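Each chain, written out:
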Amino acid sequence: MKRYAMLLLMLVVLFTGCQRLKPATTLKIATTTSIYDSGFLDFVFPSFEEEYGIKLNFISVGSGQAVKMFRNKDVNGIIIHEKSFLYELLDEGYINGYIPLVYNRFILVGPKDAKSLFENASSIQEAFLIIKNNDLPFVSRADNSATYIRELEIWNLARTQPDFDGYIKSGQGMGMSLNLANEKRAFILTDEATFYKMKDKLDSLDVIYQGPNEEVLMNVYYFALSSAREEVPIFEEFFKGSKFKALVEEFNQKYFKNQVYKLCE
Amino acid sequence: MVGNIVLSTLIVCIPSTLISILLAVPSGYILKIKRFKGRRFIIRAVYTLSGLPPVLAGLVVYMMLSNKGPLGFLNILFTKWAMVIAQVILIVPIVILYTLSGLKNIFVLLDNLDYLDIRGKKRYLIMIREYSRELIYASVLGLSRAISEVGAVLIVGGNIEGETRILTTAIIHEVSKGEFSRALMLGLILLAISFGFNTALQVLQGDIVD
């Protein structure tokens, strides 16, 4: 008897939850990991879903993979922070346009005690050169991510190659790479949101360099929908509305006590 | 939140184990008793596939189910269906191998029964008992692989919250965010579920076999 009870229990577990009601439209959105891991999307979009009856399923992958999925039409939309990818998608007709969502900035973080070395650095590329010339440990994402592409741009601006012994290629996402830098007491280029969200776990790291005006450190997140979809105006309305503005503000206050994500004017 | 993840884990892993058993046990039986051309080759292939890296299985299933792939019209990429398919591919070879060795034991037993001249109802009962035992072991094996696997389901499921996020993919997600204690908690839940299943199957087995 006992075994039939067990079998019955298993079948009940199996079939519950299979028949949940689905909203009218579900859109799959491939998103870059950094903005997803910060919890921003899960904070902002439930009220969008409520208001417009469109459910969004986020699939968090690296920017490179996100673009690939989008090209294969396996997802309906995309959130990325690398503009060159968007230009390619525009050229190829996969999208008709894109909407800037929010922005924050890239910063250089590293071991607290090394801060004095960088007192005279007046640009990010100077700071990078100090790391290279002193052969200090530096963690690079070394994946196809937007952050990595930006890092390479900075090495280019510095007119040099990252070919020193301290250069570590992690091949992992932003969060794991920050952990690695923390353990190795290394420098790393990161976006503000991921860093501040994880700050209490990164005890050996501090902000080493942040440039308020440098174009190369600007980190804008863009939203784009497949040209086959008709919901773009709905998203535009939502992103321009006061509700979105209030949610961004609330998120900043709750998690950063600071204006980390800023609205694109 | 966690309840949802646990539920999704069960909704994926239990069907994939059941389907795998349904496919693998008859295949193993045929491979054991029938002699046909290419049989040795198939057995070698099954051995190889039993060590298939989950990420590779995931990648292949992904490419098949992608809109650019041959099965794109099914439109099941990033759903639990895709995860079940990937897990079945991983579990079936292991269960086939297990069936082959289990049948070997049973055939030895049959010889012994012949030798001892045990026939009729008694023989029938002994056979049922042995087959059930092997089936339960095979289920435990399949379920263990299903519930602990992450590489394949992450790729084909997409780790969508409330949809395709199961315990293992949630652990990866928490680790990548640096939330190690939350990841550990999910890991403990995973172990507890695994323990529960093993206990349940042991009770089932205890009913049939001492």
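Numbering of residues begins from 1 in every chain and follows the order in which that chain's sequence is written. For this description, chains carry letters from A and ligands carry numbers from 1, given in the order in which they are written. The predicted nature of this model means local features are confined to residues of pLDDT at least 70 and side-chain atom pairs, given and counted, to a pLDDT of 80 or more, with totals for whole chains, interfaces and linings taken over all residues.

### Side note on the overall build of chain B
Right, on to step 1. Counting its secondary structure elements, chain B contains eight helices and zero strands.
Right, on to step 2. Numbering goes from the N terminus for both helices and strands, where a helix is a DSSP run of H or I of at least four residues and a strand is a run of E of at least two. Starting at the N terminus and walking to the C terminus, you meet the elements of chain B as α-α-α-α-α-α-α-α.
Right, on to step 3. Viewed in the frame of its principal axes, chain B has a C-alpha envelope of about 65 × 40 × 25 Å.
Right, on to step 4. The contact criterion used is a C-beta to C-beta distance within 7 Å, with each C-beta placed from the backbone. Intrachain contacts of chain B at a sequence separation of at least 6 include 77% that bridge at least 24 residues.

### Remarks on the overall build of chain A
Right, on to step 1. On a plain count of helices and strands, chain A comes out with 11 helices and 10 strands.
Right, on to step 2. With the C-alpha coordinates of chain A rotated into their principal frame, the extents come out at 70 × 55 × 35 Å.
Right, on to step 3. Residue burial is a threshold on neighbouring C-beta atoms within 10 Å of the residue's own C-beta, all placed from the backbone, with 20 or more meaning buried, 12 or fewer meaning exposed, and counts in between meaning partly exposed. Across the 265 residues in chain A, those meeting the buried criterion constitute 38%.

### Considering helix H3 (residues 40-52) of chain A
All names here are of chain A.
Right, on to step 1. Helix span is expected to be 1.5 Å times the residue number reduced by one. Between the first and last C-alpha of H3 there are 19 Å, a value that for 13 residues agrees with the 18 Å anticipated at 1.5 Å per step.
Right, on to step 2. As for H3, its buried residues are in contact with strand E1 (25-32), helix H2 (33-37), strand E2 (54-61), helix H10 (232-240) and helix H11 (242-255).
Right, on to step 3. Positive backbone phi, at 65°, marks Gly53, one or two positions downstream of H3.

### What to know about the environment of Thr25 of chain A
All names here are of chain A.
Right, on to step 1. When you line up the elements, Thr25 lands in strand E1.
Right, on to step 2. Taking the C-alpha atoms as reference points, Thr25 and Gly53, separated by 28 residues in sequence, lie 7.1 Å from one another.
Right, on to step 3. In contact with Thr25, not counting residues within four places along its chain, are Ile54 and Lys55.

### Quick notes on the interface of chain B and chain A
Right, on to step 1. Facing 22 residues of chain B, the contacting portion of chain A comprises 25 residues.
Right, on to step 2. Those elements that provide at least two residues to the side of chain B that touches chain A are helix H1 (2-33) and helix H8 (180-208) of chain B.
Right, on to step 3. Element by element, the count of residues in the side of chain B that touches chain A is highest for H1 of chain B, at five residues.
Right, on to step 4. Residues were grouped as follows: Ala, Val, Leu, Ile, Met, Phe, Trp, Tyr, Cys and Pro as nonpolar; Asp, Glu, Lys and Arg as charged; and all remaining residues, including Gly, as polar. Looking at the side of chain B that touches chain A residue by residue, the classes come out as 11 nonpolar, six polar and five charged.

### Let's talk about the packing of helix H4 (residues 80-116) of chain B against helix H5 (residues 120-148) of chain B
All names here are of chain B.
Right, on to step 1. Contact geometry for H4 and H5: axes closest at 9 Å, N-to-C directions at 155°. Between H4 and H5, the angle is such that the two are roughly antiparallel. Crossing of H4 against H5: the hand is right-handed. For the pair H4 and H5, contact is made by Gln87, Leu90, Ile91, Ile94, Val95, Tyr98, Thr99, Gly102, Ile106, Leu109 and Leu113 and by Arg123, Ile126, Glu130, Glu134, Tyr137, Ala138, Leu141, Gly142, Arg145 and Ala146, respectively.
Right, on to step 2. Across the contact of H4 with H5, the residue classes tally to 13 nonpolar, four polar and four charged. The convention used is that axes are lines fitted to C-alpha atoms, helices contributing only their stretch in contact, and that angles between N-to-C directions extend from 0 to 180 degrees. For this classification, under 35 degrees means roughly parallel, over 145 means roughly antiparallel, 65 to 115 means roughly perpendicular, and everything else is oblique. A crossing counts as left-handed when the near helix is turned anticlockwise from the far one by less than a right angle, and as right-handed when that turn is clockwise.

### Some words on the environment of Leu27 of chain A
Residues and elements named next belong to chain A.
Right, on to step 1. Looking at where Leu27 falls in the secondary structure, it is placed in strand E1.
Right, on to step 2. Expressed as a C-alpha distance, the spacing of Leu27 and Phe58, which sit 31 residues apart in the sequence, is 8.6 Å.
Right, on to step 3. Dropping the residues within four chain positions of it, Leu27 is found in contact with Ile54, Leu56, Asn76 and Gly77.

### Examining the packing of H1 of chain B against H4 of chain B
Residues and elements named next belong to chain B.
Right, on to step 1. Where H1 meets H4, the closest approach of the two axes is 6 Å, and the angle between their N-to-C directions is 40°. The interaxial crossing formed by H1 with H4 has right-handed handedness.
Right, on to step 2. Each residue belonging to the contact of H1 with H4 can be placed in one class, and the counts come to 19 nonpolar, seven polar and two charged.

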